[in-house]
Amino acid sequence: MGNNNIYYLAQKKSNYKNHQYRRDRFNKRRFLIAVFLLIVFILFIYFIGFYNRIVIVRARYGELVDGFTTKALIVRDEQVYYSPVSGNIELNLTEGSRISYGQRVMRVGDYSLINHRAGIISYATDGLEDSLGFNSINELTPDKYNKYKRNYKQLVNGNYLNKGEPAFRIIANNMYLVLQVTTEEMERYWLNEKVFLKAPDIKKSLIDARVVNKMVFDKKALMLVKLIPFVPEWLNNRWVEVEFIKNIYRGIIIPHKALFKQAEGEGVLVYNTNNGKIEFKKLKVLERTKQGLIVEGIEMGESIIENPSSVDYGKGV
């Protein structure tokens, strides 16, 4: 009987602990749910306030670049000369040097190779000289554009050259870039238009170029531009990263979003720091680029509303 009582008391105690444990878990879960809902409510209020917040920016004087960054394909007016014999080579000229007709370029064994075209010498080839030569440009298509693969080789003194292998290139003073663009972008340019290029590996700030051909294929297009100065840094390159620039505009700059339309025309909402009121100022848009607008009608440093849709126009901030 004593054993039964002990078992009964232990059972009662165990049931009490289990009940207490379940109640604590329930309270803890309810507390966590309440905290979660509170956080969600706070975030909701924050984001509502954030997206309705009035953003004030200052009109500034600066420059806007009308252009885009892209990868461009290099095409050169060049000719590859192949070795008529096999043997170890001895180079007679420096890579990238300008040579005239009739100069000895290299020796292959006991055989001397003489240049038959004035230009710039290179002992490097990538196997694309024929398919991407100047005379093959019209055969380019958007489908081929990204599929060219190089087999780059650079000869140095002492290399062994087999008969029929490329020995050297002679490059005329002409270099071109092919850019793939949309047909809409292509429509913004005309033949012989002067454009500019910037590249991270070129010391010169801007490279002058001209649009010399436009090839349109359905929704894609290829634009051929001729570099007005020959760029020696790209003598052996095939792909280069460039910033392609149609024009550079300077003036008072405002964001696109700040433009506010009224019955009397386009303008901006200006915050008057003296009386705390928001006023409409009509202006003239001189230039439009992806980065912003060049305008006339406001002064540098004026406070303008970047998000006019969030403003109850006519009241204070």
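See the structure printed just above.
What counts as what
What you see as residue numbers is a count from 1 along each chain, following the sequence as written. In keeping with the model being predicted, local features are shown solely for residues with a pLDDT of at least 70 and side-chain atom pairs are shown and tallied solely at 80 or more, while totals for entire chains, interfaces and linings include all residues. As a rule here, side-chain values cover all heavy atoms of the structure and leave hydrogens and water aside. The helix count covers DSSP runs of H or I at least four residues long, the strand count covers runs of E at least two residues long, and both are numbered beginning at the N terminus. The classification of residues rests on relative accessible area computed with a 1.4 Å probe and restricted to protein chains. Under 20% of the type maximum is buried, over 50% is exposed, and intermediate values are partly exposed. Only heavy atoms matter for contacts: two residues are in contact if any of them lie within 4.5 Å across the pair. Accessible surface area values rest on a Shrake-Rupley calculation with a 1.4 Å probe, where residue burial reflects the displayed protein chains alone. Two N or O atoms form a polar contact when they lie within 3.5 Å of each other; inside protein one atom must be a possible hydrogen donor and the other a possible acceptor, and for residues adjacent in sequence the pair counts only when both atoms belong to side chains. Two rings belonging to Phe, Tyr or Trp (six-membered ring only in the last case) form a pair when the distance between their centres is within 6.5 Å. Interplanar angles under 30 degrees mark stacking, angles over 60 mark edge-to-face geometry, and anything in between is tilted. In this scheme, the term charge over a ring applies when either NZ of a lysine or CZ of an arginine sits within 6 Å of the ring centre and within 35 degrees of the ring normal. Here a salt bridge means any side-chain nitrogen of Lys or Arg lying within 4 Å of a carboxyl oxygen belonging to Asp or Glu. The patches described consist of residues with a relative accessible area above 30% and no salt bridge, like charges being joined within 9 Å and nonpolar side chains (Val, Leu, Ile, Met, Phe, Trp, Tyr) within 5 Å.

Novice: For this particular structure, what's the right way to read the overall build of the protein?
Specialist: Each helix and strand in the protein was counted, giving 3 helices and 21 strands. Burial statistics for the protein: of 317 residues in total, 38% are counted as buried. The long-range share in the protein, meaning contacts at least 24 apart out of those at least 6 apart in sequence, stands at 71%. Accessible surface for the protein amounts to roughly 19,300 Å². Of this, 53% is attributable to carbon and sulfur atoms.

Novice: Looking at this structure, I do not really get the side chain of Asp 126. What am I missing?
Specialist: By secondary structure assignment, the location of Asp 126 is in the loop between strand E8 (124-125) and helix H2 (142-145). Accessibility expressed as a relative area gives 2% for Asp 126, which makes it buried. Reaching out from Asp 126, the side chain makes a polar contact with the backbone nitrogen of Leu 128 at a distance of 2.9 Å. With near-sequence residues (within four places) excluded, Asp 126 lies in contact with Lys 149, Arg 150, Asn 151, Tyr 152 and Arg 238.

Novice: Is there a simple way to explain the packing of aromatic side chains in this structure?
Specialist: The geometry of an aromatic ring pair is captured by two quantities: the separation of the ring centres and the angle between the planes. Summed over the entire model, instances satisfying the criterion amount to 5 aromatic pairs. Consider the rings of Tyr 145 and Trp 239, whose centres lie 5.2 Å apart with planes at 90°: the pair is edge-to-face. Separated by 94 residues along the polypeptide, Tyr 145 in helix H2 and Trp 239 in strand E15 (residues 239-254) bring together distant segments of the chain. By relative accessible area, Tyr 145 is classed as buried at 3%. Accessibility expressed as a relative area gives 23% for Trp 239, which makes it partly exposed. One aromatic cluster is present, formed by Phe 68, Tyr 189 and Phe 244 through successive ring pairs. The ring of Trp 239 carries Lys 71 above its face, with NZ or CZ at 4.4 Å from the centroid. The ring of Tyr 189 has Lys 246 sitting right over it, with the charged end atom 4.6 Å from the ring centre.

Novice: Before we go on, may I ask you to explain the pattern of salt bridges in this structure?
Specialist: It is possible for side chains bearing opposite charge to pair when their charged atoms get close. Across all of its chains, the model carries 13 salt bridges by this definition. The partner of Arg 117 in a salt bridge is Asp 77, and the shortest N-O contact between them spans 3.2 Å. Taken together, the positions of Arg 117 in the loop between strand E6 (111-114) and strand E7 (119-122) and Asp 77 in strand E2 (residues 60-82) put the pair 40 residues apart, joining distant regions of the chain. As a salt-bridge pair, Glu 193 and Lys 246 come within 2.7 Å of each other at their nearest N and O atoms. Placement of Glu 193 in the loop between helix H3 (183-186) and strand E12 (194-198) and of Lys 246 in strand E15 is noted, with a sequence separation of 53 residues between them. For the residue pair Glu 193 and Lys 246, the accessibility class agrees, reading buried in each case. A single salt-bridge network, built from bridges that share partners, covers Arg 76, Glu 78, Asp 126, Arg 150, Arg 169 and Arg 238.

Novice: It is not clear to me how a nonpolar patch on the surface should be interpreted in this structure. Could you clarify?
Specialist: On the surface, a cluster of nonpolar side chains totalling about 380 Å² of accessible area is made up of Phe 31, Leu 32, Val 35 and Ile 39. Mapped onto the elements, Phe 31 comes out in helix H1 (residues 2-51). You can call Phe 31 exposed: its relative accessible area is 56%.

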